[in-house]
Amino acid sequence: LISLSTTNNENTLLFSGSTNSLEITPGLLDKNTGTGTQYTYFAIWNKSDTGACTVIEHNASSLTNSNRACLLAISGTQYGFNGESNDNHTLVTYAYTNRVNSVMRLNNTLATNLYIRSSGVNYSGTTSSYSTLSLNNTGFTVGRKYSNNAEYFNGNITMVAVFGNYISDSDTNYLGTL
């Protein structure tokens, strides 16, 4: 069940961690117009457990290597990017009961193609193969893995935004203050 909750005087969506998510089909970004290789995800979230889960994702209905774009929290206290065999899972450390403000920018024309600003701290890195970074726009989900109904989110998601470009440093810093 997804329910409306109030946390720190903010309205949030509360995800129960099983069989619920938000889905938009087709996806929000179109890989055929150039926005599939340069984009930005923004989310404010906090988890209620230490299990692996999807916060937000673009993906195909069947797995295709290098076509997934996911802000993924792995088991424990780390999160990062999952690109389906084109990953950097352990880029950022977080405390699972704390509010996390994430801005994740990706650009496949840069050798250091992954940048995350997380609750005021900057991280940069590379997916497994930056030049093959792609995006499938079949579906966009909040709170689960699109292709196989897995990695359900358990916790609150206060805000989600998707930009069809690699936003500027000043825009990234602004979003980091919300």
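Quick note: structure is the one above.
Participant: Any chance you could explain the overall build of the protein here in plain terms?
Facilitator: Broken down by element type, the protein carries 1 helix and 13 strands. Ordering the α and β elements of the protein from the N terminus gives β-β-β-β-β-β-β-β-β-β-β-β-β-α. Expressed as a percentage of its 178 residues, the buried residues of the protein come to 47%.

Participant: What is the right way to read a nonpolar patch on the surface from this model?
Facilitator: There is a patch of nonpolar side chains on the surface, built from Met-159, Tyr-174 and Leu-178 and spanning about 280 Å² of accessible area. Following the sequence through the fold, Met-159 ends up in strand E13 (residues 154–163).

Participant: Teacher, can you tell me more about the sheet that holds strand E7 (residues 78–82) here?
Facilitator: Sheet strands line up and pair through hydrogen bonds in the backbone, either parallel or antiparallel. Ordered in space as E3-E12-E5-E6-E7-E8, the 6 strands form an open sheet in which the pairing is antiparallel. Unpaired on one side and paired on the other, strand E3 (22–24) and strand E8 (88–93) mark the two borders of the sheet. Sheet twist, expressed as the mean angle between neighbouring strand axes with direction ignored, is 20 degrees. Alignment of strand E5 (residues 53–59) against strand E6 (residues 69–73), held across 5 bridges, turns out to be antiparallel. Looking across to E6, one finds that Ile-56 is bridged to Leu-71.

Participant: It is not clear to me how the pattern of salt bridges should be interpreted in this structure. Could you clarify?
Facilitator: Across all of its chains, the model carries 5 salt bridges by this definition. In this structure, Glu-57 and Arg-68 form a salt bridge, with 2.2 Å as the shortest nitrogen-oxygen distance. Of this pair, Glu-57 sits in strand E5 while Arg-68 sits in the loop between E5 and E6, placing them 11 residues apart in sequence. Both residues of the pair, Glu-57 and Arg-68, count as buried. Among the ionic contacts, a cluster of salt bridges with common partners joins Glu-57, Arg-68 and Glu-151.

Participant: Help me understand the environment of Ser-129 in this model?
Facilitator: Note on placement: Ser-129 falls in the loop between strand E11 (121–125) and strand E12 (139–142). Residue class for Ser-129 comes out partly exposed when judged on its relative accessible area of 27%. Distance from Ser-129 to Gly-83, taken between C-alpha atoms, is 9.7 Å for residues 46 residues apart in sequence.

Participant: Is there a simple way to explain the pairing of E11 in this structure?
Facilitator: A regular strand carries its side chains on alternate faces of the sheet. Looking at chain direction, strand E10 (residues 114–118) and E11 are connected through 5 bridges and run antiparallel. Within the sheet, the bridge partner assigned to Arg-117 lies in E11 and is Asn-122. Adjacent in sequence and paired antiparallel, E10 and E11 are bridged by 2 residues, among which Ser-119 carries a positive phi angle near 45 degrees.

The rules behind the values
Residues numbered from 1 in each chain as written. Predicted model: local features only at pLDDT ≥ 70, side-chain atom pairs only at ≥ 80, totals over all residues. Heavy atoms only, no water. Helix = DSSP H or I, 4+ residues; strand = E, 2+ residues; numbered from the N terminus. Buried < 20%, exposed > 50% of the residue type's maximum accessible area, 1.4 Å probe, protein only. Patch = residues over 30% accessible without salt bridge, like charges linked within 9 Å, V, L, I, M, F, W, Y side chains within 5 Å. Areas by Shrake-Rupley, 256 points an atom, 1.4 Å probe, with all protein chains shown as cover. Salt bridge = Lys/Arg side-chain N within 4 Å of Asp/Glu carboxyl O. Pairing = 2+ DSSP bridges. Axes fitted to C-alpha atoms, helices over the stretch in contact; angles between N-to-C directions.

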